[in-house]
Amino acid sequence: MATVRTSNTISLPLASRLTTAVVSLLLGIFIVYGVGLSHSETLHDTAHDTRHSYGFPCH
Amino acid sequence: MLVKYLLATIIAGLFAGILLTPAMYVKTVPLILHAEEYENAGGEGHSHEAPAATTEAAPAVAPHEHGQEAGPELPLGRFGNTLLINLVAGAGFALITGAAALFLGRRITLQNGIYWGLAGFFIFNFAPAFSLAPELPAMPAADLATRQAWWLITVVLTAGGVYLIVLRDEIWAKLVGVVLIVAPHVYGAPEAEDLASAVPPTLASEFAVSTLATNLFFWVVLGTALGWAIQNYASSELDA
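Bear in mind the structure is a predicted one, so any value in this text is a computation, not a measurement.

Visitor: Help me get a handle on the overall build of chain B, residues and values and all.
Guide: Regarding its fold elements, chain B presents seven helices and zero strands. Mapped in sequence order, the helices and strands of chain B form the string α-α-α-α-α-α-α. Here chain B holds 240 residues, and the buried ones make up 42% of them. Pairs at least 24 apart in sequence give 84% of the contacts found in chain B among residues at least 6 apart.

Shown next as structure tokens:
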């Protein structure tokens, strides 16, 4: 068990990981786009301080 | 679908987002508020939106300025909004990092989590900031969409570069990786035509360093939390 716990790789085959990876990536991109890049005025004003602090181009 | 894995990444992201908020309030938000005094005093202000984005009939709409009128932001107060957005952003960056690890067949652990965090910091913060310094309100800047495009391209190229350098053994891969990371800076970030600013340079430089410090903190927490959460909640799925 100790070797499994410290392993840096995942033994699960790619086919079993792919769906989760795609869903996770798309969801993450959607969120980061909304927080950091969307031109929606409501999103911009709500996220304003975070955008500046994070280094997103803001204005 | 590896549901536990997804939940573990989201939990780690929320945790890092919570911790980012006080760090921002100590280091960066006071500088943003300070800069907004110059923004409002400048009279000219800045337009928040590209003109095309607002189709309001009123001609010559006064530029929206921070802190003086209620904007269309969510009604949680400035702190509440920032906390909410940090939680959401934390989850977003955590999901992207978790997805990258899944694609690559790599496991984020408590031990190596800090390296995943440092990679995220380098990709999302340090590399873009190297040529496009974090801006304060009221600072001059080039066209927003152009800067956003440069930011996005830089992040994608840097991510590719980091992968080639860190996870590939071939010499050609490492060389291509360096080229990918350097290319957007050789090309150059969009710059404002007129650099004159009402914001004192000292404030701006202090802000640039403060954002990098808070974001480094955020990413180190996120990487470590990802390793911890995945190891504790999702390892049964990954060992299957």
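Next comes the rest of the account.
Visitor: Describe the packing of helix α4 (residues 113-131) of chain B against helix α7 (residues 201-239) of chain B, naming the residues involved and giving the relevant values.
Guide: Residue and element names in this part refer to chain B. Direction vectors running N to C along α4 and α7 enclose 150°, while the axes themselves pass 7 Å from each other. Classified by the interaxial angle, the pair formed by α4 and α7 is roughly antiparallel. As for the relative orientation of α4 and α7, their crossing is right-handed in sense. Contacts between α4 and α7 involve Gly113, Ile114, Tyr115, Trp116, Gly117, Leu118, Gly120, Phe121, Asn125, Phe126 and Ala129 from the first element and Ala208, Leu212, Asn215, Leu216, Trp219, Val220, Leu222, Gly223, Thr224, Leu226, Gly227 and Trp228 from the second. Broken down by class, the residue content of the contact of α4 with α7 amounts to 15 nonpolar, eight polar and no charged.

Visitor: Could you give me a rundown of the packing of helix α2 (residues 29-41) of chain B against α7 of chain B, with the residues and numbers involved?
Guide: Residues and elements named next belong to chain B. Running from amino to carboxyl end, α2 crosses α7 at an angle of 150°, the nearest separation of the two axes being 10 Å. The pairing of α2 with α7 is recorded here as roughly antiparallel in orientation. The hand of the α2/α7 crossing is left-handed. Of α7, the residues touching α2 (which contributes Leu31, His34 and Ala35) are Leu203, Glu206, Phe207 and Ser210. The residue inventory of the contact of α2 with α7, partitioned by class, reads four nonpolar, two polar and one charged.

Visitor: For helix α5 (residues 144-167) of chain B, give the residues involved together with the corresponding values.
Guide: Residues and elements named next belong to chain B. Helix length check: α5, at 24 residues, gives a terminal C-alpha distance of 34 Å against a target of 34 Å (1.5 Å per residue), a fit within 8%. Every buried residue of α5 is listed here: Arg147, Gln148, Trp150, Trp151, Thr154, Leu157, Thr158, Ala159, Gly161, Val162 and Leu164. Where α5 is buried, its residues touch α4 and α6 (171-187).

Visitor: So what about the interface of chain B and chain A? Which residues, and what values?
Guide: The partner chain A presents 38 residues to the 57 residues of chain B that form the contact. Of all the secondary-structure elements, those providing two or more residues to the side of chain B that touches chain A are α1 (3-27), α2, α3 (77-104), α4, α5 and α7 of chain B. A per-class count over the side of chain B that touches chain A returns 32 nonpolar, 18 polar and seven charged.

Visitor: Lay out the nonpolar core with the relevant residues and their values.
Guide: Membership of the largest hydrophobic core comes to 64 residues, with the highest contact counts inside it found for Ala12, Ala16, Ala94, Leu136, Leu222, Ala225 and Leu226 of chain B. Of all the elements in the fold, those that place two or more residues in this core are α2 (14-36) of chain A together with α1, α2, α3, α4, α5, α6 and α7 of chain B. Here this core takes 12 residues from α3 of chain B, the largest share from any one element. By size, the runner-up hydrophobic cluster in this structure holds nine residues, among which are Leu37 and Cys58 of chain A together with Ala129 and Trp151 of chain B.

Conventions adopted
- Residues numbered from 1 in each chain as written.
- Chains lettered and ligands numbered in written order.
- Predicted model: local features only at pLDDT ≥ 70, side-chain atom pairs only at ≥ 80, totals over all residues.
- Helix = DSSP H or I, 4+ residues; strand = E, 2+ residues; numbered from the N terminus.
- Buried ≥ 20, exposed ≤ 12 C-beta atoms within 10 Å, placed from the backbone.
- Contact = placed C-beta atoms within 7 Å.
- Axes fitted to C-alpha atoms, helices over the stretch in contact; angles between N-to-C directions.
- Parallel < 35°, antiparallel > 145°, perpendicular 65-115°, else oblique.
- Left-handed = near helix turned anticlockwise from the far one by under 90°.
- Nonpolar A, V, L, I, M, F, W, Y, C, P; charged D, E, K, R; others polar.
- Expected span 1.5 Å × (residues − 1).
- Core = buried A, V, L, I, M, F, W, Y, C linked by C-beta atoms within 7 Å.

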